[in-house]
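# Results of the structural survey
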Amino acid sequence: MGVNVNTLGKFGLRGATLLFATLMNAAHAAPLKSEVVSQGHAHEALFSVNANADGLIAVGGAGQISTSKDGSTWQRVNIGLAGRSLLAVSEVGGNAIAVGQQGAIVRRNGEKWEEQKSPTKERLFAVAQDGNGFVIASGGFGTLIRSLDSGKSWQKLTIDWPALIGQSYEPHVYNVTLDARGRAYMAGEFGMIARSEDRGETWQALNSGDESLFGLAFGERDLAYAVGQSGTILRSQDGGETWSQIESGSDAILLDVSIRSDDRAVVTGIREALSIDVGASHAERLDNDQLLGSWYCDVGVYKGDFYVVGQQANVLKLSI
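These notes cover the structure that comes with them. (Residues numbered from 1 in each chain as written. Predicted model: local features only at pLDDT ≥ 70, side-chain atom pairs only at ≥ 80, totals over all residues. Heavy atoms only, no water.)

### A closer look at the nonpolar core
Of all hydrophobic cores here, the largest spans 17 residues; its most connected members are Ile 136, Leu 144, Val 176, Met 186 and Trp 203. The contacts of Trp 203, once residues within four sequence positions are left out, are Ile 136, Leu 144, Ile 159, Leu 164, Ala 184, Tyr 185, Met 186, Ala 194, Arg 195 and Ser 196. (Core = buried A, V, L, I, M, F, W, Y, C linked by side-chain atoms within 4.5 Å. Buried < 20%, exposed > 50% of the residue type's maximum accessible area, 1.4 Å probe, protein only. Contact = heavy atoms within 4.5 Å.)

Dropping the structure here:
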């Protein structure tokens, strides 16, 4: 599979071995057109992509940042992070922030990316923002940090984990996101999903389970999905209040999910990709050699198409 050390960095010691435990079960195929719109080299990787009306930003190994204004033409820079990888990126209203290994935080100032002072040395897996100054990032061993000034300064949040999850450990928090109401959500180890309505000050547990959750996304009309280990797909149709599992037809490690405006969702993972139609009780496998022969760890929607990033710093455009 050719996974390098930066790939393992996204999941920490407890998750690293899971990358090699993928099983592939056949499911129903969905119509699909795919196109490689940007391609890197054998030992490179992209770990995250952000898509909005202004274009796309993808980040990856050794401080790589690639941008596109049309989804087809990509420009790349590598910023000086002493070999550290960037694992997540968020851009809202022109404010772009990326986070990564050893607590790295970088923010775009004009055309230049500048490293910010970080309150943690833990690996940061995810970042999200509301466009009104609130930014939240999550990482290893229960790490949650926030900014109230659009990423210029940061503070570490103190979470009462025993009260929240009923256990004394500090779980890896693999994903954070915001819904249309500005509420913050986090997902992580042992099926944890929790919500904050006060910018991270307090949290309410919404779900727990056996499998870690890596991907979390909210769409329109109160639709949300969470995906993770052993082909786990959870769906909420009431804005995150309740979650139920839907059949994936897969035992693969699922890493991310994104929801289009028509409620179609695409799930990416380790040599696996799935599609979920609105109202469907199960996922359909996207039977495509480019997807199934590699790993893609993040997905975003741009102008109705899905863009996935992953191994060899590839960017793949999916038209469904």
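Still more ground to cover, so stick around.
### Structural notes on the sheet that holds strand β28 (residues 315-319)
The four strands lie next to each other as β1-β28-β27-β26, forming an open sheet whose pairing is antiparallel. At either end of the open sheet lies a strand with only one pairing partner, and these are β1 (33-38) and β26 (296-302). Strand-to-strand, the axes of this sheet are offset by a mean angle of 25 degrees, without reference to chain direction. (Pairing = 2+ DSSP bridges. Helix = DSSP H or I, 4+ residues; strand = E, 2+ residues; numbered from the N terminus. Axes fitted to C-alpha atoms, helices over the stretch in contact; angles between N-to-C directions.)

### Some thoughts on the pattern of salt bridges
This model, assessed by the stated rule, comprises 15 salt bridges. One salt bridge in this structure joins Arg 260 and Asp 262, with 3.0 Å as the shortest N-O distance. Its salt-bridge partner being Asp 305, residue Lys 317 comes within 3.7 Å of it at the nearest N-O pair. Here Lys 317, found in strand β28, pairs with Asp 305, found in strand β27 (residues 305-310); they are twelve residues apart in sequence, far enough to count as distant. (Salt bridge = Lys/Arg side-chain N within 4 Å of Asp/Glu carboxyl O.)

### Let's talk about the pairing of strand β22 (residues 254-259)
Of all six residues in β22, six are buried; the element is thus mostly enclosed. The pairing of β22 with strand β23 (residues 265-269) spans five bridges and is classified as antiparallel. Bridging across to β23, Ser 258 finds its partner in Val 266.

### Examining the packing of aromatic side chains
Applying the stated criterion to the full structure yields seven aromatic pairs. Ring geometry for Tyr 302 and Tyr 307: centres 6.1 Å apart, planes at 65 degrees, overall edge-to-face. Neither residue differs from the other here; Tyr 302 and Tyr 307 are each classed as buried. Counting every residue linked through ring pairs, the aromatic cluster contains Phe 125, Tyr 174 and Phe 214. (Phe/Tyr/Trp six-rings, centres within 6.5 Å; stacked < 30°, edge-to-face > 60°.)

### A closer look at the side chain of Asp 263
With respect to the helices and strands, the residue Asp 263 is situated in the loop between β22 and β23. Residue Asp 263 is classed as buried on the basis of its relative accessible area of 9%. There is a polar contact of 3.0 Å between the side chain of Asp 263 and the side chain of Arg 221. Discounting chain neighbours no more than four positions away, the residues touching Asp 263 are Glu 220, Arg 221, Leu 223, Ile 276 and Val 278. (Polar contact = N/O pair within 3.5 Å; in protein donor to acceptor, adjacent residues only side chain to side chain.)

### Description of the sheet that holds strand β3 (residues 55-60)
On the basis of which strands lie adjacent, the open sheet formed by four strands has the order β2-β3-β4-β5 and antiparallel pairing. Each end of this open sheet is capped by a strand with a single partner; those strands are β2 (46-52) and β5 (75-78). Each strand of the sheet is rotated relative to its neighbour by a mean of 15 degrees, with strand direction disregarded. As paired elements, β2 and β3 share six bridges and run antiparallel to each other.

### A word on the environment of Ala 265
When you line up the elements, Ala 265 lands in strand β23. The class of Ala 265 is buried, set by a relative accessible area of 0%. Along the primary structure Ala 265 and Glu 35 are separated by 230 residues, whereas in three dimensions their C-alpha atoms are 18 Å apart.

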